[in-house]
Amino acid sequence: MPDSTTGTRKERFIGLEWLRFLLGLYIVIFHTLHNYPSIRDWSHYVTDIGFFSTSAFFVLSGFLLTHVYLDSSYQMRESPRSFWLKRFSNLYPIHIGSLLLAMAVSALVGYLAIAPGDSDISLRFVVYDVNNDIGQLDWKSLNHTMGPLETGINLLLNFTLLHAWNPLYLTFNPPSWSISALFFFYLTFPWLAPRLRRVLHPRRAMLLVNLVYLIPPLYVILTTDYGVPETGILHRNPLIRLPEFAAGILLCTFYAQRKAQGRLMTLPQCCLTLLAVAVSVTLAVTLLGLGHAWYYALHNGLLLPAQLALIYVAAHWGEPRSRRLMRWATRLGGASLPMFALHVPLYAVFSRVERVLSGDPGLCRTDFQGCLAAAGELHLWLYPLFLVLTVLFCVLFQEQFVVRVRKFLLRHLLGKTPRSHTEKLS
């Protein structure tokens, strides 16, 4: 997320730090909670709208970047080149670190074959993106093993942060497509943000952006069978998802205007807005059960007003008096993007270790293959431990790896060393 490049004191959105941490935590739950058979009757109500988290994260990114990088005359505080290098230096260590970890874990999981279905997993195994009944009726028809050339092309796409543009399937570390999309948004920011920041009626502009965002899913609903490649395009194509980022820029414009007018929301208004967001989410969960068309519409636009409202309310949370609380908000907020990128390989390791320990771990000293064959089941009561360990690992990953690599890159690319990330807005 953005870093402060100005000596003047900027408003600190501590509420947004907590929010982006919670968004990261929810995406972890979205991708992992379904693995516990004992709660599958109801767990989908918790995880059905995991995409809400990613979309809100994109909106939040646009809001914070606009707040930090535009000056009082709505111009960039620094050159586009400097901005792009800083954003690259922040994203790339997260992406490459998580990519290498995911590839190593994927190869190890396929080799050890501890859990059912593990033997099918490899670096080249992918699943085509569809949102129709084919995947439910014939799962294997969606499975695909990439050839050598195909694997090489997708490796190149991953190493160049272009993998979100592949509409057919997700590769290597599936959630990292969001990092690829974010980098595209950052490329557009120096041109897009100053123009949207000057909009006189941002609320109308947000409505217009929302309507434009709904055009692609409505076209897909009316003309396709929800298969390949339209599902992948709607899911992660950076151009298709750009309205979320643009809406975040406009939301920052709206917030700044309301604050200048002394018209920010009161506590009762904030509570009523949060209630409206909760009602929207509950209604969305209900609509998802009515057919595939609702998924497309909710995923790409219908929930954008709720995401904007949630972020707007969180922006009203002022700075706490406790410096320790503020520091932890910044640390946990800073770990949100690593949580998006790292949770899949981390859960693969945690769940396989848990299976071995719940079986007959004593066999591992004398009969390693027998120990793996005796692996037991997953236990829901250990799931909170996984969440805590994931958060702690991602905090350390951000502070001990990402920050250090970022400083190294900036020293060589810009000839300067940034301040400690705990002193920045994000």
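Coordinates for the structure precede this section.
In short, a report on the structure. (Residues numbered from 1 in each chain as written. Predicted model: local features only at pLDDT ≥ 70, side-chain atom pairs only at ≥ 80, totals over all residues. Heavy atoms only, no water.)

1. Some words on the overall build of the protein
Part 1: Along the backbone of the protein there are 17 helices and two strands.
Part 2: Scaling as 2.2 N^0.38, a compact globule of 426 residues should have a C-alpha radius of gyration of about 22 Å, and the protein matches this with 22 Å.
Part 3: Its C-alpha atoms put the protein at 70 × 50 × 45 Å along the principal axes.
Part 4: Every one of the 426 residues in the protein was classed for burial, and the buried ones make up 54%.
Part 5: For the protein, restricting intrachain contacts to residue pairs at least 6 apart in sequence, the fraction spanning at least 24 positions comes to 78%.
Part 6: Charged side chains in the protein number 36 positive and 23 negative. The centres of these two groups are separated by 17 Å. (Helix = DSSP H or I, 4+ residues; strand = E, 2+ residues; numbered from the N terminus. Rg over C-alpha atoms; globule rule 2.2 N^0.38 Å. Buried < 20%, exposed > 50% of the residue type's maximum accessible area, 1.4 Å probe, protein only. Contact = heavy atoms within 4.5 Å. Lys, Arg positive; Asp, Glu negative; His and termini not counted. Charge placed at Lys NZ, Arg CZ, Asp CG, Glu CD.)

2. A few points about the state of the cysteines
Note on terminology: a disulfide is the covalent bond linking the sulfur atoms of two cysteines.
Part 1: A full pass over the atoms with the stated rule returns one disulfide.
Part 2: The disulfide partner of Cys364 is Cys371, and the gap between their sulfur atoms is 1.9 Å. Negative torsions about the S-S bond denote left-handed disulfides, and the value of about -45° found for Cys364 with Cys371 makes this one left-handed.
Part 3: On the basis of relative accessibility, which here comes to 26%, the residue Cys364 falls in the partly exposed class. (Disulfide = S-S within 2.5 Å.)

3. Side note on the nonpolar core
Part 1: Within the largest apolar cluster, 112 residues are counted, with the highest numbers of intra-cluster contacts made by Leu16, Phe63 and Phe189.
Part 2: Leu112, Ile114, Cys371 and Leu372 belong to the second largest nonpolar core, which has five residues in total. (Core = buried A, V, L, I, M, F, W, Y, C linked by side-chain atoms within 4.5 Å.)

4. Digging into the pattern of salt bridges
Part 1: One pass over the full model with this rule turns up seven salt bridges.
Part 2: A salt bridge links Asp118 to Arg352; its shortest N-O distance comes to 2.5 Å. Within this pair, whereas Asp118 is found in the loop between helix 4 (80-112) and strand 1 (125-127), its partner Arg352 is found in helix 15 (residues 336-357), the two being separated by 234 residues in sequence. For the residue pair Asp118 and Arg352, the accessibility class agrees, reading buried in each case.
Part 3: Among the salt bridges present, the one from Arg241 reaches Glu244, with a minimum N-O distance of 3.2 Å. Within this pair, Arg241 and its partner Glu244 are both found in helix 10 (residues 238-260), separated by three residues, close to a single helical turn. The same class applies to Arg241 and to Glu244, which are both buried. (Salt bridge = Lys/Arg side-chain N within 4 Å of Asp/Glu carboxyl O.)

5. Description of the packing of helix 3 (residues 51-69) against helix 13 (residues 304-314)
Part 1: Two elements in contact, helix 3 and helix 13, have axes whose closest approach is 10 Å; the angle formed by their N-to-C orientations is 55°. Our classification of the angle between helix 3 and helix 13 gives oblique. Our pair here, helix 3 against helix 13, has a crossing hand that is right-handed. Seen from helix 3, the contacting residues are Phe52, Ser55, Ala56, Val59 and Leu60; seen from helix 13, they are Leu304, Ala306, Gln307, Leu308, Leu310 and Ile311.
Part 2: The residue inventory of the contact of helix 3 with helix 13, partitioned by class, reads nine nonpolar, two polar and no charged. (Axes fitted to C-alpha atoms, helices over the stretch in contact; angles between N-to-C directions. Parallel < 35°, antiparallel > 145°, perpendicular 65-115°, else oblique. Left-handed = near helix turned anticlockwise from the far one by under 90°. Nonpolar A, V, L, I, M, F, W, Y, C, P; charged D, E, K, R; others polar.)

6. Quick look at helix 14 (residues 323-334)
Helical periodicity: at 3.6 residues per turn, an α-helix aligns residues three or four positions apart in one direction.
Part 1: In this model, helix 14 (12 residues) spans 16 Å end to end at C-alpha, consistent with the 16 Å of a helix rising 1.5 Å per residue.
Part 2: Every buried residue of helix 14 is accounted for by Met326, Ala329, Thr330, Arg331, Leu332, Gly333 and Gly334.
Part 3: Each element contacted by the buried residues of helix 14 is listed here: helix 1 (14-32), helix 15 and helix 17 (383-413).
Part 4: The opening residue of helix 14 is Ser322, an N-cap whose side-chain oxygen sits 3.4 Å from the backbone nitrogen of Arg324. (Expected span 1.5 Å × (residues − 1). Polar contact = N/O pair within 3.5 Å; in protein donor to acceptor, adjacent residues only side chain to side chain.)

7. Structural notes on unusual backbone geometry
Most peptide bonds take the trans form, and the phi angle of most residues other than glycine is negative.
Part 1: Following Val228, the chain continues into Pro229 via a peptide bond in cis, with omega recorded as 5°.
Part 2: With respect to the helices and strands, Pro229 occurs in the loop between helix 8 (202-223) and helix 9 (230-236).
Part 3: Backbone geometry at Tyr74 places phi at a positive 65°, although glycine is not the residue there.
Part 4: Position of Tyr74 relative to the elements: it lies in the loop between helix 3 and helix 4.
Part 5: Accessibility expressed as a relative area gives 29% for Tyr74, which makes it partly exposed.
Part 6: Even without being a glycine, Tyr226 presents a positive backbone phi close to 65°.

None of this, on its own, says anything about what the molecule does.
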